[in-house]
Amino acid sequence: MKIIGAFCIVFATSFLGFDMSNTLTNRTRQLKQLIVSLQMMEAEMVYSKRTLQQIFHVLRSKLDYPITDFYDNLTKRLNGRVTNFYSIWSQELESLRTISSLTANDVEILQQFGRTIGQHSAHEQRKHIQLTIYHLQLELDQSRDKQQRYATMLKTIGFLFGLLIVILLF
Amino acid sequence: METIKHILPPSICEAIEKRIVNRWRLLEEIRLRIHLPIELSFFSSVDWLHETVFTEEDCTYVLRQLSEHSLYRLEDELRNGYITITGGHRVGLAGEVVTDHASVSHIEHVTFFNIRIAREVKNVAQAYMPFLRNKTNYYNTLIVGAPQTGKTTLLRDMARMISDGSEHMRGQKVAIIDERSEIGASKDGVPQFYIGKRSDIMDACPKVDGIMMMIRSMSPDVLIVDEIGTTKDVEAILEATLAGVTVICTVHSATFEEVRKRPSLQPIFQMNTFKRIILLTKPYADKYHIDIFTDEGKKLLRDFVQKR
């Protein structure tokens, strides 16, 4: 009986460790995807001159979960009569935050960007996109750094911490 | 009408709907001017919405709706001063202009809008077609008229009739250069008005380039062009008529004498390029006159259309 309990504890703490480490890895991956999506957006805006809805539709098919869900929802919501684009963007960002590993800071950068989308000429729009990419790049560097430092460590710590509890209990 | 309602702020849209009730068919223009009441211009009267004032927020709203929340797309439109929306309706813009090297770069603060409602009137040209051709060919034809006299509507219907043909004349290959997207009202290259089964349309293309592109690649019998005005347009049209293509085009002018005096059109009249000239006038608010002249100034027909 005791042994089963011990297994449970080790399993639970290891899972916790893996989960925390996954969050770090996922954030790096998702930030990368966001940057790529902004670069594609820039090309579509400046060269193809598509509407936002068309652009989101294109982005949707080229990205992975959960970023693709974000653009997918935006595409759908732009179908009806839109009075305020920013409020849609903002709401969708909030729901992206709940399903992704992005931090509040990452989301805030995109919120700021949302205020500029579709409000400027192509030349200025491009500047805003590049500024956002720059900020996201900084976050990405930081996230990579954290991932390298802590990802494996968290996994080990999770397992070892479980082991420690078990030893103390026995 | 849905597309027009779509671009107006909800409160204004409601006020307009209340005022118009069942007069949508007669509506020609909706004019929005900043800090001023909204003007509804009907076929034979003008109506003002005194209690609804067009505010700055409404300006931004309309502009956003026009661009589908993508202002970066409108560079050319803001330079030319008009946007064509779904359904072929044209929205004219005015405001403060930014210049670059002494030419217009774009309109910075758009504060005046003129929503012109496009209408497809089928068979309006039918009665005039026999005057515009001999047994095998159509004549080069110039349609002259002041703004809002129905030049484009007539041109569109002529394109349709020429390309579909009739029992007297088989359909001809028609190439339409639609610089302002008014003839076909194309969206993503697909015309929304019916322009005939043998018609090809080059949308949003500058006339001078479009004429040569069409002649080289699409082998048209008849070339249809809207609103010629500059010396370059005239040159291109002369080239086309000498390349064995019939040209039908419109030009802004109020009378027959005036159009003959326009400096940029001089080469055309010196060479007697146009064998037929159709003059559209609107002497009364609800009545159009249509006169057809030969190149020597002989009147072949006088007709009038009454708007119901």
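Computed from a prediction, not measured in an experiment: that's the story for all the values here.

(A) Local environment of unusual backbone geometry. Looking along the chain, the bond that leaves Tyr 65 of chain A and enters Pro 66 of chain A is cis, with omega of 0°. As for its placement among the helices and strands, Pro 66 of chain A is situated in the loop between α2 (52–62) and α3 (67–77). Despite not being glycine, Ser 181 of chain B has its phi angle at roughly 55°, a positive value. Topologically, Ser 181 of chain B is positioned in the loop between β8 (174–178) and β9 (199–203). With a phi close to 50°, Ala 185 of chain B is a non-glycine residue in the positive phi region. Position of Ala 185 of chain B among the secondary structure elements: in the loop between β8 and β9.

(B) Summary view of the packing of helix α1 (residues 2–48) of chain A against α2 of chain A. All names here are of chain A. Interaxial distance between α1 and α2 falls to 10 Å at its minimum, and their mutual angle equals 145°. Seen from above, α1 lies across α2 with right-handed handedness. Contacts from Ser 37, Met 40, Met 41, Glu 44 and Met 45 in α1 reach Ile 55, Val 58, Leu 59 and Lys 62 in α2.

(C) Looking closely at the sheet that holds strand β3 (residues 46–53) of chain B. Residues and elements named next belong to chain B. Read across the open sheet, the six strands follow the order β3-β2-β1-β6-β5-β4; overall the sheet is antiparallel. The open sheet has two edge strands with one neighbour each: β3 and β4 (82–84). Put simply, the sheet's adjacent strands are angled 30° from each other on average, direction ignored. Where β4 meets strand β5 (residues 90–100), three bridges bridge the pair, whose relative direction is antiparallel. Pairing of Tyr 82 across the sheet is with Gly 92, part of β5. Packing against the sheet, helix α2 (residues 10–20) makes contact with β1 (27–33), β2 (37–42) and β3, and its axis sits at approximately 140° to β3. Against the sheet, helix α3 (residues 56–66) touches β1, β4, β5 and β6 (103–116), its axis set at about 100° to β6.

Parameters at a glance
Residues numbered from 1 in each chain as written. Chains lettered and ligands numbered in written order. Predicted model: local features only at pLDDT ≥ 70, side-chain atom pairs only at ≥ 80, totals over all residues. Helix = DSSP H or I, 4+ residues; strand = E, 2+ residues; numbered from the N terminus. Axes fitted to C-alpha atoms, helices over the stretch in contact; angles between N-to-C directions. Left-handed = near helix turned anticlockwise from the far one by under 90°. Contact = placed C-beta atoms within 7 Å. Pairing = 2+ DSSP bridges.

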